Amino acid sequence: MKTKLSGNIVDIINRRIFKGTIEIKGGKIINIIESEQAQGDNYILPGLVDAHIHIESSMLVPSEFARAAVVHGTVATVSDPHEIANVLGTRGIDFMVENSLSSPFKFYFGVPSCVPATNFESSGAKLNPRDIGELFVKYNLKYLSEMMNFPGVIYGDEDVKAKLEIARKLGKVIDGHAPGVKGDDLKKYAAAGISTDHECFTLDEALEKISLGMNILIREGSAAKNFDTLHSLISTHTDKVMLCSDDLHPDDLAAGHINLLVKRALAFGHDIFDILQTAILNPSRHYSLDVGLLRKGDAADLIVIDSLENFNILKTFIDGNLVSENGKPYINSTHVDKVNIFNAKRLIESDIEIEHRGGEIKVIVAIEGELITDWVAETPLVENGKIISDPKRDILKLVVVNRYSPAPPKVAFIHNIGLQKGALATSVAHDSHNIIAVGTSDEEIIKAINLLIDNKGGMAAVSGLKNEILALPIAGLMSDEPIEQVAVKYKQLNDFALRLGSKLATPFMTLSFMSLLVIPKLKLSDKGLFDGEKFCFTELEVTI
């Protein structure tokens, strides 16, 4: 059966717009007919692509993520299953790929390069070079996912070298992750064949990486927001830029996706073809995606919008099938098997007590909209010889608990979470996804942690007699419920956290990155307090 779409056709390759009709049959564009006659006011163009995202961070399984994304005009993602791989290894990647096949959406998964991200934390699995080679062959995956172990690249770690060599021999793209790396170290990193970076938090950093041949993925997610800093690259270095979200919570995904970045770029005055090149053409070409670009013979992956000025998505097609219209997805939710590892045992308050040894302590400083942290030296609040949370000065106890096997928790302190009462806990804790919790009292921190242990993962907020949880039974990362329910529950939980006093836009997302050791300066793992600049453990106490 032949389908016809008429309107203003946006040819992003030749950077022109013309009136015409697109004929579709068997999921392919079989003809494009240009016409002088008016064919309607709408605009037809290729579907949008997210150049780097962890699907797990949406708290949705791939098939459910697809339902949320297509209404915003996204037809494909370059997806790193790094999060679930840290929990379940190859079994987690199997789950993601197999679930994605139940949806028409085009998921392009990479092979995670750093599982675990470092040896300074406990994860549920490890992927060695042999595993990586087998995964490339098993699923014909497109690329080696972000090489987070940048010290390993720079200093020639043998395991890292072996993984990079496998990717190079197979002709696979290698993605990067090198926050703040510059100078000779950056030259070594880029020379290893690493082609992208999505961690730039200054324009100068991005320009230096571009000068070495790297592509910059401008990231705007739920926690890290770099679009305002880097958007000028869309016009100045169009051929070296892509758009991505990296990590996107369900309520944000429900509100919009790459389409929102297109709108913001338009508001900044960027040329529409420069914007569409970064949002569609560049990722399709860089990763060799089988995504249609609105040419004869291409897959009919396209969107219909109201105008190039407003960029409101009216319809989305994948392989010629209408998958959403006027904000309604035409993709059904599917049954999901619950895969998980969660072996932590319930804790008591004495498990997180910490003796004061005298003097000042190092306090992590969380930064709104960034994954990097700072730290300051502070005189702690001490009670009965123990260091406790001090909400009046916004110095709160931070706890990380190994979820994979029973072990003593590790404790630090943090500024800028801002709780005045209660506690938060989550098993979405990058990158190994142990339990991370913060709170104003030991009693409530323990209550929040045990709530997660009882539910085998999720996000929890407690205050007094009130407890709220968003259960995440799939790897402690994802829900088995539809996007509509997950988005509402997450928003309610986030609003509860804000009522407890946090001034952060997304306190749970910020909390989840306080154990991400590969992002400096100071973080906490289940093995201890970690200095991300020296890349080693450090003491809580300030030494002179």
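Basis of the calculations
- Residues numbered from 1 in each chain as written.
- Predicted model: local features only at pLDDT ≥ 70, side-chain atom pairs only at ≥ 80, totals over all residues.
- Heavy atoms only, no water.
- Helix = DSSP H or I, 4+ residues; strand = E, 2+ residues; numbered from the N terminus.
- Rg over C-alpha atoms; globule rule 2.2 N^0.38 Å.
- Buried < 20%, exposed > 50% of the residue type's maximum accessible area, 1.4 Å probe, protein only.
- Contact = heavy atoms within 4.5 Å.
- Areas by Shrake-Rupley, 256 points an atom, 1.4 Å probe, with all protein chains shown as cover.
- Lys, Arg positive; Asp, Glu negative; His and termini not counted.
- Charge placed at Lys NZ, Arg CZ, Asp CG, Glu CD.
- Pairing = 2+ DSSP bridges.
- Axes fitted to C-alpha atoms, helices over the stretch in contact; angles between N-to-C directions.
- Parallel < 35°, antiparallel > 145°, perpendicular 65-115°, else oblique.
- Left-handed = near helix turned anticlockwise from the far one by under 90°.
- Nonpolar A, V, L, I, M, F, W, Y, C, P; charged D, E, K, R; others polar.
- Phe/Tyr/Trp six-rings, centres within 6.5 Å; stacked < 30°, edge-to-face > 60°.
- Polar contact = N/O pair within 3.5 Å; in protein donor to acceptor, adjacent residues only side chain to side chain.
- Salt bridge = Lys/Arg side-chain N within 4 Å of Asp/Glu carboxyl O.
- Patch = residues over 30% accessible without salt bridge, like charges linked within 9 Å, V, L, I, M, F, W, Y side chains within 5 Å.
- Expected span 1.5 Å × (residues − 1).

Peer 1: Mind laying out the overall build of the chain, listing which residues take part and the relevant values?
Peer 2: Looking only at helices and strands, the chain has 16 helices and 29 strands in total. Taken over C-alpha atoms, the radius of gyration comes to 23 Å for the chain, in line with the 24 Å a tight globule of 544 residues would show. For the chain, the spread of C-alpha atoms along the three principal axes comes to 85 × 50 × 45 Å. The proportion of buried residues among the 544 residues of the chain is 63%. Once local pairs closer than 6 in sequence are excluded, the contacts in the chain between residues at least 24 apart make up 68%. Here the chain has roughly 19,800 Å² of accessible surface; of this, 48% comes from carbon and sulfur atoms. Distance between charge centres in the chain, computed from 56 positive and 72 negative side chains, equals 3 Å.

Peer 1: Please give an account of the sheet that holds strand β6 (residues 74-79) that cites residues and values.
Peer 2: Ordered in space as β5-β6-β7, the three strands form an open sheet in which the pairing is parallel. The open sheet terminates on both sides in strands that have one partner only, identified here as β5 (48-53) and β7 (106-109). Across the sheet, the axes of successive neighbouring strands diverge by a mean angle of 15°, strand direction being ignored. Strands β5 and β6 of the sheet are contacted by helix α12 (residues 258-267), whose axis makes an angle of about 105° with β5.

Peer 1: With reference to specific residues and values, describe the sheet that holds strand β16 (residues 328-329).
Peer 2: Strand order in the open sheet formed by eight strands is β3-β2-β1-β4-β13-β14-β15-β16, and the pairing between neighbours is mixed. What marks the edges here is a single partner per strand, and that holds for β3 (28-34) and β16. Note: strand β1 (residues 2-11) against strand β4 (residues 43-46), two bridges, orientation parallel. Bridge pairing in β4 links Asn8 to Tyr43.

Peer 1: Break down the packing of helix α4 (residues 129-139) against helix α6 (residues 158-169) for me, with residues and values.
Peer 2: The geometry of α4 relative to α6 is characterised by a closest axis approach of 9 Å and an angle of 15° between their N-to-C directions. By the criterion of interaxial angle, the relationship of α4 to α6 is roughly parallel. Judged by the sense of rotation from one axis to the other, the crossing of α4 with α6 is right-handed. Here α4 contributes Pro129, Ile132, Gly133 and Phe136 to the contact with α6, which in turn contributes Asp159, Ala162, Lys163, Ile166 and Ala167. Grouping the amino acids of the contact of α4 with α6 by side-chain chemistry returns six nonpolar, one polar and two charged.

Peer 1: Account for the packing of aromatic side chains, with residues named and values stated.
Peer 2: Here the structure, examined in full by the defined rule, presents 12 aromatic pairs. Considering the side-chain rings of Phe105 and Phe107, the 4.7 Å spacing of their centres and the 50° angle between planes classify their relative orientation as tilted. Taking 5.4 Å as the distance between ring centres and 85° as the angle between the ring planes, the aromatic pair formed by Phe120 and Phe537 counts as edge-to-face. Here Phe120 is found in the loop between β7 and α4, whereas its partner Phe537 is found in strand β29 (residues 536-537), with 417 residues between them in sequence. Taken together, the aromatic side chains of Phe120, Phe150, Phe530, Phe535 and Phe537 make up a single cluster linked through ring pairs.

Peer 1: Quick rundown of the side chain of Glu64? Include the residues and the values.
Peer 2: One can find Glu64 in helix α1 (residues 62-70). Look at Glu64 and you get buried, because its relative accessible area is 4%. If near-sequence neighbours (up to four positions away) are discounted, Glu64 is found in contact with Ser333, Glu481, Pro482, Ile483 and Glu484.

Peer 1: Could you give me a rundown of the environment of Ser100, with the residues and numbers involved?
Peer 2: Counting through the fold element by element, Ser100 comes out in helix α3 (residues 90-100). In the structure, Ser100 is positioned 37 residues away from Ser63 in sequence and 5.4 Å away in space, judged by C-alpha atoms. Setting aside its immediate chain neighbours within four residues, Ser100 contacts Pro62, Phe107 and Phe109. Of the polar contacts made by the side chain of Ser100, one reaches the backbone oxygen of Val97; its length is 2.6 Å.

Peer 1: Give me α1: which residues, what numbers.
Peer 2: Along an α-helix, residues three or four apart share an orientation, since each turn contains 3.6 residues. Where burial is concerned, most of α1 is hidden: nine out of the nine residues are buried. Among all positions of α1, only Pro62, Ser63, Glu64, Phe65, Ala66, Arg67, Ala68, Ala69 and Val70 are buried.

Peer 1: Lay out the pattern of salt bridges in plain terms, naming residues and giving numbers.
Peer 2: Under the definition given, this model contains 35 salt bridges. Residue Lys466 pairs with Glu468 through a salt bridge whose shortest N-O separation is 3.4 Å. Among the charged side chains, a network of salt bridges with common partners joins Lys2, Lys4 and Glu23.

Peer 1: Now, about a negative patch on the surface: what can you tell me, with residues and values included?
Peer 2: Taken together, Glu349, Asp351, Glu353 and Glu443 make up a surface patch of like negative charges. In this fold, Glu443 is placed in helix α14 (residues 442-455). Residue classification places Glu443 among the partly exposed positions, given a relative accessible area of 49%.

Peer 1: Let's hear about α14: which residues, and what values?
Peer 2: Compared with the 20 Å implied by 1.5 Å per residue over 14 residues, the 20 Å span of α14 between its first and last C-alpha is a close match. Within α14, 10 of the 14 residues are buried, which leaves the element mostly enclosed by the surrounding structure. Each element contacted by the buried residues of α14 is listed here: β21 (396-401), β23 (423-426), β24 (435-439), β25 (458-463) and β26 (466-471). Positive backbone phi, at 55°, marks Lys456, one or two positions downstream of α14.

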